[in-house]
Every structure is written in structure tokens, then in C-alpha cells.
Amino acid sequence: MDLPIVVGVDGSEPSLRAVDWAADEAALRGAPLRLVYASLWERYEGAALARGLGEPSEQVMVEDIVRTAARRAHLRRTALRITTVVLPEEPEYALVREGHEAAALVLGSRGRSGLAETVLGSVSLAVAARASCPVIVLRGSHDSQVSHDNQVRAGKHGRVVVGIGEKATDSAALRFAVQEAKLRDATLDAVRAWRCPAYESTDHPLLAGEPARLHERHAAEILEQALKGAPEDVDLRRRTIEGPARRVLPDASREADLLVVGARRNPGHLGLQLGRVAHAVLHHSTCPVAVVPELV
């Protein structure tokens, strides 16, 4: 089935930049683009209240938002197959459901709130923590990939970064990162963070005075195991970096066009399933972040 790239729109600048990014992603994949607007505004506020305030009804505003987003996507990628849908639901629930039949979900870092775009929005966080497909969250206007005319520029670094976890065998995040690197003809940086616990000193009897070297070697072994089946036609770079992953990966994002991380999903668990590393990079990355579900 030809799965679409789904993008959430709400009329905010971050969501319009997400439309740009999603249009490019759909064009790279030869996939359709689906624009989704979801809101319970009318249920809570009502058209009568809008008329009393002399404001346009939500329905008129929604139609204008969706039409503007579709036109923007078409102008950016004229050959795209574009569909739109307006759903009278909470956006996080609607988008998670849309993700069941999507190649990926694309979201802005924030919606139409007055908070700074550098802070991750609740909808983006909730969807990234629950969706069954990859969720790509764009950072706000501080991101270097946004030009002065508020258009998303094509990636300038030619690099995709993927974080390699402890159990990286058959990693969905790695497969997604490989695909994205191939689509972009980009270098793939596979990064494994490692740490030497403070209590492990050179006096530790089991470490023979080389705790750091042993931890780094273990990280390199995990990296090699994870990359054992990587295709040969990908420009692959292996990197082991000392430090916590929640700091190492945001640092690596400064020279990347996309940062990919996995998020473990337990099908029997109904709450948020994101993990500390994915949570940290969603808040601190300086490039778009793809959170890819990893079933346990």
C-alpha cells in the first residue's frame, strides 16, 4: 500500500514549516501527502460565541488554514498527490490514529500557543510518545534550516545522525536512518555514546587501570554489531563518543539534517512511551528529530 506522509497543520508558523518538510519528504519517497487538521474548538467554544465576538467561525478559519497549507505544499512540490482532512477531535489522538496508516508523521515543534518555539509542544510530545510509525518533529524558528522568508531550506549538511542504543540488533531506528540517508544521498553517522562511571577508578581490580578504554571498546563492539547488516551503498561513519546520550546526540545534531532515535514500545502499555534519550533530543536538538518506535 502506498502509505502517505501525514503532517499536522493548525495555521501556526511551525506547522507550516512542517508542511514544507513533509512535502519534501513525500517527494523523496514518491508518496502522497496528507494534511490533517484536528481540533475540538467548536465543541468547547461554539460558533455562536464566535459570532458574538465578531470573529469568523472556526469552520471558516479551518478551511482557510487547510487550503493555505495545501497550496503551500503544492507550490513547493507541484507533482505531489495531496489530500486533506478536518477532524473534530483532540489533535494528539487524531494524529496517533492517522499514524496507523502512514509512512511517517511530521509535526511542528509547537502549535498556536504563545509559548516560545524552543519549548516542545504537548501535542508533539504526546504523538511522539504514542505513535506506531516514525514521528518527525521540526524544531522552531531558531533552527538553522529555516530561512528568512520562513521557508524550510533543503538540508545543507548532507548528514543524517542515528543514535545506537544498548540493544541495537534489528533496530527500526537504524533501518529508518539508512533509508533517509539513501533518499538524501547523505552520509549516515551512527553514534554510540558511552560513559565511564565515576566510581570506576584506575584502582578498580577488575579493570586493570583502563576503565575508560574498556567502556569505549564495549561501545565500539555494540556499534559494529548494530551495523553488521548495513547496506554497502550507504556512506557510513561510525562514531563512539564519551558522555550521556541525552547530551551527545543533541551536540551531534548541530551538523546534521536529521537526527534519528528509537523509542521502545510495549504494546500492552497505554501511557507515554518515549524514554529519557528521545525526550531529551526532542527538547534540545538543533535539527529535525525522527522518533522511531522499537517494539519490545
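Starting afresh in each chain, residues are numbered from 1 along the sequence in its written order. In keeping with the model being predicted, local features are shown solely for residues with a pLDDT of at least 70 and side-chain atom pairs are shown and tallied solely at 80 or more, while totals for entire chains, interfaces and linings include all residues. Only hydrogens and water are set aside; all other atoms, that is, all heavy atoms of the structure, feed into the side-chain values.

**Describing helix α1 (residues 13-29)**
This is how the line gets drawn: Helix numbering and strand numbering both begin at the N terminus, where a helix is a DSSP run of H or I of at least 4 residues and a strand a DSSP run of E of at least 2. In this scheme, a helix's expected span is set at 1.5 Å multiplied by one less than its residue total. Relative accessibility thresholds used throughout: buried, under 20% of the residue-type maximum; exposed, over 50%; partly exposed, between the two (1.4 Å probe, protein chains only).
End to end, α1 covers 25 Å across 17 residues, agreeing with the expected 24 Å (1.5 Å per residue, within 8%). Buried residues dominate α1, accounting for 13 of its 17 residues. Of the residues flanking the end of α1, it is Gly30, one or two places downstream, whose phi is positive at about 70 degrees.

**Side note on unusual backbone geometry**
The phi dihedral of Asp185 is positive, around 55 degrees, even though this residue is not glycine. Within the element layout of this structure, Asp185 appears in the loop between α7 (172-184) and β7 (187-194). Owing to a relative accessible area of 73%, Asp185 belongs among the exposed residues under this scheme.

**Quick word on the environment of Glu255**
Counted only if it meets this: Working rule for contacts: check all heavy atoms of both residues, and any pair within 4.5 Å makes them a contact.
Here Glu255 lies in the loop between α9 (245-252) and β9 (258-265). Since its relative accessible area comes to 53%, Glu255 is described here as exposed. Considering only alpha carbons, one finds Glu255 and Val161, 94 residues apart in sequence, at a separation of 8.9 Å. Not counting residues within four places of it along the chain, the set of residues in contact with Glu255 comprises His157 and Arg159.

**Brief notes about the confidence of the model for the protein chain**
Rule in force here: One number per residue, pLDDT, summarises how confident the predictor is, and it ranges from 0 to 100.
With 77% of its residues at a pLDDT of at least 70, the protein chain reaches an overall mean of 83. Within the model, the stretch residues 43-53 combines pLDDT values under 50 with 8 contacts to residues more than four positions away or in other chains. Scored below 50 in pLDDT, residues 140-144 shows 13 contacts in the model against residues more than four places distant or in partner chains.

**Considerations on helix α6 (residues 122-130)**
Along α6, the positions that sit buried rather than exposed are Ser124, Leu125, Ala126, Val127, Ala128 and Ala129. Elements in contact with the buried residues of α6: α5 (91-98), β4 (104-107), β5 (135-137), β9, α10 (276-284) and β10 (289-295).

**Things to note about the nonpolar core**
Note the threshold: The definition of a nonpolar core used throughout is a set of buried Ala, Val, Leu, Ile, Met, Phe, Trp, Tyr and Cys residues joined through side-chain atoms within 4.5 Å.
Ranked by size, the top nonpolar core spans 48 residues in total, and within it Leu33, Val106, Ile136, Leu188 and Val260 carry the most contacts. If we skip the residues at most four places from it in the chain, Val260 touches Val160, Val161, Val162, Gly163, Ala173, Phe176, Ala177, Ala290 and Val292. Listed in part, the 36 residues of the second largest apolar core include Leu107, Val137, Ala193 and Val248.

**Overview of the packing of α9 against α10**
We apply this condition: Orientation is described by lines fitted to C-alpha atoms, with helices fitted over the stretch in contact, and by angles between N-to-C directions that extend from 0 to 180 degrees. Each helix crossing is assigned a hand: it is left-handed if the near helix lies turned anticlockwise from the far helix by less than a right angle, otherwise right-handed if that turn is clockwise. All residues other than Ala, Val, Leu, Ile, Met, Phe, Trp, Tyr, Cys, Pro, Asp, Glu, Lys and Arg, Gly among them, are scored as polar; the first ten of these are nonpolar and the last four charged.
At a closest axis distance of 9 Å, the pairing of α9 and α10 adopts a crossing angle of 35 degrees. Crossing angle aside, the handedness with which α9 passes α10 is right-handed. Taken together, the residues of α10 that come into contact with α9 (itself represented by Ala245, Arg246, Leu249 and Pro250) are Arg276, Val277, Ala280, Val281 and His284. Residue classes in the contact of α9 with α10 are distributed as 6 nonpolar, 1 polar and 2 charged.

**Thoughts on the pattern of salt bridges**
Selection criterion: Salt bridges are defined by distance alone: a side-chain nitrogen of Lys or Arg within 4 Å of a carboxyl oxygen of Asp or Glu.
Enumeration over the complete set of coordinates arrives at 20 salt bridges. Among the salt bridges present, the one from Arg184 reaches Glu25, with a minimum N-O distance of 2.9 Å. Placement of the pair is Arg184 in helix α7 and Glu25 in helix α1, with a sequence separation of 159 residues. Among the salt bridges present, the one from Asp233 reaches Lys182, with a minimum N-O distance of 3.4 Å. Of this pair, Asp233 sits in the loop between α8 (211-226) and β8 (236-242) while Lys182 is found in helix α7, placing the two residues 51 residues apart along the sequence. Overlapping salt bridges bring together Asp20, Asp24, Arg72, Arg76 and Arg77 as one network.

**Some points on the sheet that holds β7**
Rules: By this definition, two strands are paired if DSSP reports at least two bridges between them.
With mixed pairing, the 10 strands of this open sheet are ordered in space as β3-β2-β1-β4-β5-β10-β9-β6-β7-β8. Whereas interior strands pair on both sides, the edge strands pair on one side only; in this sheet they are β3 (82-87) and β8. Sheet twist, expressed as the average angle between the axes of neighbouring strands with direction ignored, equals 25 degrees. Inspection of the sheet shows strand β1 (residues 5-8) paired to β4 by 3 bridges, in the parallel sense. Considered in β4, the bridge of Val6 is made with Leu105. Sitting on the sheet, α8 touches β7 and β8, and the angle it makes with β7 is about 140 degrees.

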